[in-house]
Amino acid sequence: MELSNLNIKNGLCISLGANIDSKFGSPLESLLICKPKIKEIINEWGDSSNEKKEEKSKFNANFFWSSIYETLPHGVDNEQPNYLNTLLLIKSNSFPKPSTKNAKLLLKELKKLERFFGREETPKGKKWLSRCLDLDILWWEDFHTVDEELTLPHPRFMNRNFVITPLSEILSRSQKITKFDDPKWSIN
Ligand SMILES: Nc1ncnc2c1ncn2[C@@H]1O[C@H](COP(=O)(O)OP(=O)(O)OP(=O)(O)O)[C@@H](O)[C@H]1O
Ligand SMILES: Nc1nc2c(c(=O)[nH]1)N=C(CO)CN2
């Protein structure tokens, strides 16, 4: 039997969601088109920050994607179409040095990508409106920062089934967890 040392807040985790059409098509088309673009953004972000390091190590990362899930709108107070959600967990030994500056550089690129897909600004006083693409950073290793522009870990991710379900899918694939199933303990 193997004991798991589950530390879910390893790596860098990004949540993707969409429930209306974007410039590139349906929520499914948007997510499929956006996935390789996110990978490019992460690689460029990793490389550009590492270029400034003295030892100039190349950024190297593994990308773990969950399936795409259709989910009910969570916590919204108006009628909305169902969402498509997916999750990306990135593992690397050569992440940029965790800092608010580096995390905000990444957030800026993700927000740029949202706008490229046609995401509109949320009007003041409104929250959780339908969106053609939503990219949230959920955590980055054990880095903590709190301000309006960026809070890490994301304060609401634990309550979101559309995050927890894809996360458990990724973790069950990437961690060796063995079901404890000894017949002598079974209750008949
Ligand atoms: N961890 C984070 N990831 C993404 N955006 C964040 C984060 N922390 C703070 N923000 C800020 O939140 C602002 C609103 O983001 P967004 O419109 O995506 O929120 P939302 O998806 O409607 O709500 P929620 O944050 O509850 O998922 C962004 O402009 C960004 O500056
Ligand atoms: N199912 C689902 N519900 C949501 C989502 C989402 O991505 N999926 N995003 C929200 C605000 O970020 C609010 N509610």
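- Going by what an unreviewed UniProt entry lists, the protein chain is known as 2-amino-4-hydroxy-6-hydroxymethyldihydropteridine diphosphokinase and is assigned to Prochlorococcus marinus.
- Looking at the Pathway (unreviewed entry) heading of the UniProt record, one finds this comment for the protein chain: "Cofactor biosynthesis; tetrahydrofolate biosynthesis; 2-amino-4-hydroxy-6-hydroxymethyl-7,8-dihydropteridine diphosphate from 7,8-dihydroneopterin triphosphate: step 4/4."
- According to the UniProt record, the Catalytic activity (unreviewed entry) comment for the protein chain reads "6-hydroxymethyl-7,8-dihydropterin + ATP = (7,8-dihydropterin-6-yl)methyl diphosphate + AMP + H(+)".

**Regarding the environment of Pro27**
Stage number 1. Relative to the helices and strands, Pro27 resides in helix H1 (residues 27-51).
Stage number 2. Residue Pro27 is classed as buried on the basis of its relative accessible area, which comes to 15%.
Stage number 3. Sequence separation of Pro27 and Lys104 is 77 residues, and the distance between their C-alpha atoms is 26 Å.
Stage number 4. Sequence-distant contacts of Pro27, defined by excluding residues within four places in its chain, comprise Ala18, Asn19, Ile20, Asp21 and Leu84.

**Quick notes on the nonpolar core**
Stage number 1. Counting 31 residues, the largest nonpolar core has Leu12, Ile42 and Ile90 as the members making the most contacts within it.
Stage number 2. If you list the elements that add at least two residues to this core, you get strand E1 (12-18), H1, strand E2 (61-65), strand E4 (83-92), helix H2 (100-116) and strand E5 (134-140).
Stage number 3. Apart from the residues lying within four places of it in its own chain, the contact partners of Ile42 are Leu12, Ile14, Phe59, Phe63, Ile90 and Leu106.
Stage number 4. Core analysis: the second largest hydrophobic core is formed by eleven residues, Leu87, Phe157, Phe162 and Ile170 among them.

**Side note on the UniProt feature "domain: 7,8-dihydro-6-hydroxymethylpterin-pyrophosphokinase" (unreviewed entry) in the protein chain**
Stage number 1. Here, UniProt's "domain: 7,8-dihydro-6-hydroxymethylpterin-pyrophosphokinase" (unreviewed entry) annotation points to residues 62-171.
Stage number 2. Counted over residues 62-171, helix gives 25% and strand 25%. Its end C-alpha atoms are 14 Å apart.

Conventions used here
Residues numbered from 1 in each chain as written. Chains lettered and ligands numbered in written order. Predicted model: local features only at pLDDT ≥ 70, side-chain atom pairs only at ≥ 80, totals over all residues. Heavy atoms only, no water. UniProt positions renumbered as here; feature names shortened; annotations may be inferred. Helix = DSSP H or I, 4+ residues; strand = E, 2+ residues; numbered from the N terminus. Buried < 20%, exposed > 50% of the residue type's maximum accessible area, 1.4 Å probe, protein only. Contact = heavy atoms within 4.5 Å. Core = buried A, V, L, I, M, F, W, Y, C linked by side-chain atoms within 4.5 Å.

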